[in-house]
Amino acid sequence: MDCIFCKIVNKELPAKIVFEDDDLLAFYDLAPKAKIHILVIPKKHIDSVNDLSQSDSELIGRLFLKIKEIAQKLGVDQTGYRVITNTGPDSGQIVHHLHFHLVGGGKLGPIA
Ligand code: 5GP
Ligand code: ZN
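In this report, the structure presented in the accompanying data block is examined. Everything numeric in this text was worked out from a predicted model, so none of it was measured. (Residues numbered from 1 in each chain as written. Chains lettered and ligands numbered in written order. Predicted model: local features only at pLDDT ≥ 70, side-chain atom pairs only at ≥ 80, totals over all residues. Heavy atoms only, no water.)

This paragraph deals with the packing of aromatic side chains. Under the criterion given, the structure shown has two aromatic pairs. Centroid distance Phe5 to Phe27: 5.3 Å. Interplanar angle 80°. Geometry classified as edge-to-face. Of this pair, Phe5 sits in helix α1 (residues 4-9) while Phe27 sits in strand β2 (residues 24-28), placing them 22 residues apart in sequence. Here Phe5 matches Phe27 in class, with each residue buried. Residue placement shows Lys16 over the ring face of Tyr28; its charged tip is 4.5 Å from the ring centre. The cationic tip of Lys66 hangs over the ring face of Phe19; the distance from NZ or CZ to the ring centre is 3.9 Å. (Phe/Tyr/Trp six-rings, centres within 6.5 Å; stacked < 30°, edge-to-face > 60°. Helix = DSSP H or I, 4+ residues; strand = E, 2+ residues; numbered from the N terminus. Buried < 20%, exposed > 50% of the residue type's maximum accessible area, 1.4 Å probe, protein only. Lys NZ or Arg CZ within 6 Å of the ring centre and 35° of its normal.)

What follows is the structure, given as structure tokens:
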């Protein structure tokens, strides 16, 4: 499968990694849209939120707690940040490996 994020997981492509364990990876977005722009992903390939199943509950719960930890580590937990997951064509999803954008580090515009 030709998936950029799987290649990052497998270290076939470089990334500036902020966190890694057996199941999760967090790294800086290549084209940041905010002062802080991190992508948090499950290592396992899941196309999008549409493809989540009951058995992924714990994985996604842990992923969200990791987002919280990273926000604290980067010092945006009190100033505020946004977590975004694009799903499908109308959202503009480009990379079809489930990922959560953590953006912050300055005032963000309205979501829509
Ligand atoms: P999407 O629109 O799919 O929600 O967002 C995909 C994100 O992945 C974009 O913000 C884009 O800048 C980022 N991205 C695409 N290719 C790479 C890459 O090779 N490395 C990193 N670090 N980020 C990437
Ligand atoms: Zn993938």
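Don't stop here, the text continues.
Around ligand 1 there are 18 residues in total, and Asp29, Asn86, Ile94, His99 and His101 lie nearest to it. Tyr28 places a polar main-chain atom, nitrogen or oxygen, 2.9 Å from a nitrogen atom of ligand 1. Here an oxygen atom of ligand 1 sits 3.2 Å away from a polar atom, N or O, in the main chain of Gly92. Its free accessible area being 520 Å², ligand 1 has 87% of it covered by the protein chains. For the shell around ligand 1, the secondary-structure elements that each account for two or more residues are α1, β2 and β3 (36-42). Partitioned by chemical class, the residues of the shell around ligand 1 number ten nonpolar, six polar and two charged. (Near = heavy atom within 4 Å. Polar contact = N/O pair within 3.5 Å; in protein donor to acceptor, adjacent residues only side chain to side chain. Areas by Shrake-Rupley, 256 points an atom, 1.4 Å probe, with all protein chains shown as cover. Nonpolar A, V, L, I, M, F, W, Y, C, P; charged D, E, K, R; others polar.)

Right, let's get into the sheet that holds strand β1 (residues 17-20). Neighbouring strands of a sheet are bound in pairs by backbone hydrogen bonds; such pairs are parallel or else antiparallel. With antiparallel pairing, the five strands of this open sheet are ordered in space as β1-β2-β3-β5-β4. Whereas interior strands pair on both sides, the edge strands pair on one side only; in this sheet they are β1 and β4 (81-84). In this sheet, neighbouring strand axes are inclined to one another by 15° on average, regardless of whether the strands run parallel or antiparallel. The sheet contact formed by β3 and strand β5 (residues 100-104) spans five bridges and is antiparallel. Within β5, the residue paired with Ile38 across the bridge is Leu102. (Pairing = 2+ DSSP bridges. Axes fitted to C-alpha atoms, helices over the stretch in contact; angles between N-to-C directions.)

Now for helix α2 (residues 57-73). Given a rise of 1.5 Å per residue, 17 residues ought to cover 24 Å, and the 24 Å separating the end C-alpha atoms of α2 matches this to within 8%. The complete set of buried residues in α2 reads Leu59, Ile60, Leu63, Lys66, Ile67, Ile70 and Ala71. Seen from one end, α2 has its buried residues packed into an arc of 140°, which puts them on one side. Counted as exposed and oriented over 90 degrees from the buried face of α2: Glu58 and Leu65. In the core, the buried residues of α2 are packed alongside β1, β2, β3, β4 and β5. (Expected span 1.5 Å × (residues − 1). Arc of directions from axis to C-beta. Contact = heavy atoms within 4.5 Å.)

Further remarks concern the environment of Leu25. Mapped onto the elements of the fold, Leu25 is located in strand β2. When its relative accessible area of 0% is taken as the criterion, Leu25 is described as buried. Each C-alpha atom, one on Leu25 and one on Thr79, is 24 Å from the other, the two residues being 54 residues apart in sequence.

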